[in-house]
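Chain by chain, the residues run as shown.
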Amino acid sequence: MKQVLKAAKQLNNRKLQFSRAEMSCVWSFFKVSEEDPRYAVCNDCEGRVMRGGVRVKSFNTTNLITHLKNKHPEAFKEYEKLTNAKQRKKSDATMAAAPVGSPIEQVLEKTEKFHKDHQKQKALTVAIAKMIAIDDQPFSVVEDEGFSEVLEVAEPRYNKPSRRYFADVALPALHDIVATHIHKLLDSNVNDISFTTDIWSSDLNQTSMLSLTAQWIDKNFEMKRAVLHAQEFPGSHTGTAIASAFDSMFKEWRIRKENVHVVLRDNTRNMVKAMEECGVKSLGCMAHLGQLAVHDAVLSQRSVVDSLAIARKIVGHFKSSPLGTSRLRDIQREIGMKTKMLQQDVPTRWNSTFMMMTTLLEQKRALVMYEAYHGLPVSLNANQWSLIEKMTTLLAPFEELTREISLHTATAADCCGTQAGVKTTKSALLEAVNKRFETSFSEQLYYLATILDPRYKDRYFDADLKLVAKNKLEKEVDKMTPSATAEPTPDAEEGEPQEKRTCTPSEGHSFLDMFDEILEEKEQDEQATGPTSVQVHGYLTEPTIPRNVSPLQYWQSNMTRFPALAPVARKYLSAPCTSVDSERLFSAASNVVSEKRNRIGTERAEMLLFVKHNIRLLPKPGKAKS
């Protein structure tokens, strides 16, 4: 130990002979301990800081810099200024020593590392931080050999920061930029916002997270979507705890409860209670209601349960047997079928059960041959094959409906409008549908969203609901619109009255083709009636638009023709049909909290999810200068 101390003192004496310009700028704030050269003494607090180890060769200034950063922020800022000035002075001196235009000057320009404040250095750092969030990469990717080689080839002047810098500095900075932009969007004349929420638990680290996604329609009738929260939610998931979390989230984003149009949630009791305690309007997810209806009417029947259990074992056999999969593919090729894997279902998603049955039916011939050649652990008999075929026929309209209402562009109008054709199904399923969806047509949010959707209007309503919807719409128009916009402006350049459209039956005649048939029947007897309001009457008596046209596109073109209706449409068409946005968010969360990132903290996981889903809202950056 005495030898180490002696060598350290000798090294220290040699360092003291150097000029201050050749030493780290951190020594402006420290001095070497006279008692033990392994330590440095802070000039501000006189605290002793280890210089990096017991050997002289291991001494460094990392601990000193960290001490300044954590204990003396103002001194740390001064240290950064001194360091930057020193680097610029050194760079200028190097360039001055080379003749102007000489090869050495050109080489220096192309190889000298960027200063940390250089525009391109900043742009590349932000781009890498975005890549980590968007592509679900671990922070350690910046230390990977292949990634480092790509950076060296693409821009050798880039001074790559450490993984800790990206985790502790670059990601939080990017998060703040995105959050500030979303605050600006929400503060720009947004009166009615719709939300979705869900709770997710990770299997890797037993973390629960609560989501809050928002969507609204801006003044140009463009739908805006943002993930506001994907925060850790520890403890018991009681209604009171969820309500308290919602209060905090709304407060953080400065969202008043009177601006909350609706929250789409699952149909569990704790969620229902939470929204009641929070004092906001909420509705159950239509896809979840569909799941419950199909399960109650079909998937809970004994014969169906037994057939599905066998089907799952067959699929599971090929999922767990590479040899079995290879043999099945050989048979598929032999009989001229396209090679295709069987799909395993997820019990909580009935449409995945539908897809499993569909793939089994598609591969029935190959499976029968496989069983004859190689055998299966279990097999379906003729009656069970027939039952599965009938189930897929019965459930095909519901699968189509589920896909329709789960689209990113679906609105609350699709929930009410698409239920009109459901009554063609079997009695047991019809009974379950009526039980689960009995309040949908009486829910004001749904029928007003439907009547304001130019694809549906009031064409699917019976006479009583039609009258109720029109009266409610007129009251909503009077409440939300000043008198100056009570009359339409037919001379406006944009927007033309809709021409009456004719419906051409398709060859496949899908479930959704029923809507066109209903519309064709209803269009003929709607022209003679109408409410007293000029704008409401004019809007409702025009023909509907095709279902493949966006309702927002219609309102973009016609908001000057119906200025009193437009604000009401902005409010009611902002509501989604399901809570799928939150479910998709947590599908992404399973990639963020993955095997590669199983030690990631919840705070960083929240930041990564937030940036990943909201980065698209930022304006496109300009190209950084070289």
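Scroll up for the structure.
As the structure is a computational prediction, the values presented were derived from the model and not from experiment. (Residues numbered from 1 in each chain as written. Predicted model: local features only at pLDDT ≥ 70, side-chain atom pairs only at ≥ 80, totals over all residues. Heavy atoms only, no water.)

Engineer: Is there a simple way to think about the overall build of the protein chain in this case?
Structural biologist: What the protein chain contains, in helices and strands, is 25 helices and 9 strands. Relative to its 626 residues, the protein chain shows a buried fraction of 48%. Here the contacts in the protein chain between residues at least 6 apart in sequence split such that 69% fall between residues at least 24 apart. By element, 52% of the accessible surface of the protein chain is carried by carbon and sulfur atoms, the whole surface being about 32,800 Å². (Helix = DSSP H or I, 4+ residues; strand = E, 2+ residues; numbered from the N terminus. Buried < 20%, exposed > 50% of the residue type's maximum accessible area, 1.4 Å probe, protein only. Contact = heavy atoms within 4.5 Å. Areas by Shrake-Rupley, 256 points an atom, 1.4 Å probe, with all protein chains shown as cover.)

Engineer: How do you make sense of helix α12 (residues 322-334) when you look at a structure like this?
Structural biologist: A rise of 1.5 Å per residue sets the reference length of α12, with its 13 residues, at 18 Å; its end C-alpha atoms lie 18 Å apart and thus fit the reference within 8%. Where α12 is concerned, the buried positions are Gly324, Thr325, Leu328, Ile331 and Gln332. The buried side chains of α12 occupy one side of the element, clustering within an arc of 120° when seen end-on. Exposed and oriented more than 90 degrees from the buried face of α12 are Pro322, Arg333 and Glu334. Summarising the contacts, the buried residues of α12 are in contact with α11 (302-320) and α14 (364-374). Directly after α12, the chain includes Gly336, whose backbone phi takes a positive value near 80°. (Expected span 1.5 Å × (residues − 1). Arc of directions from axis to C-beta.)

Engineer: What is the right way to read empty space enclosed by the protein from this model?
Structural biologist: Once rolled over the atoms, a probe with the size of a water molecule shows which space is left empty. For the coordinates displayed, the defined rule picks out 4 cavities of 30 Å³ or more. Computed from the structure, the second largest cavity encloses a volume of approximately 80 Å³. As for the second largest cavity, its lining consists of Thr196, Gln215, Arg225, Ile405, Leu407, His408, Ala410, Pro576, Cys577, Thr578, Val580 and Asp581. Split by residue class, the lining of the second largest cavity holds 6 nonpolar, 4 polar and 2 charged. (1 Å grid on protein atoms, 1.4 Å probe; cavity = no way out; pocket = protein on both sides within 12 Å on 5 of 7 lines; lining within 4 Å. Points joined across faces, edges and corners; volume = space filled by probe spheres on them. Nonpolar A, V, L, I, M, F, W, Y, C, P; charged D, E, K, R; others polar.)

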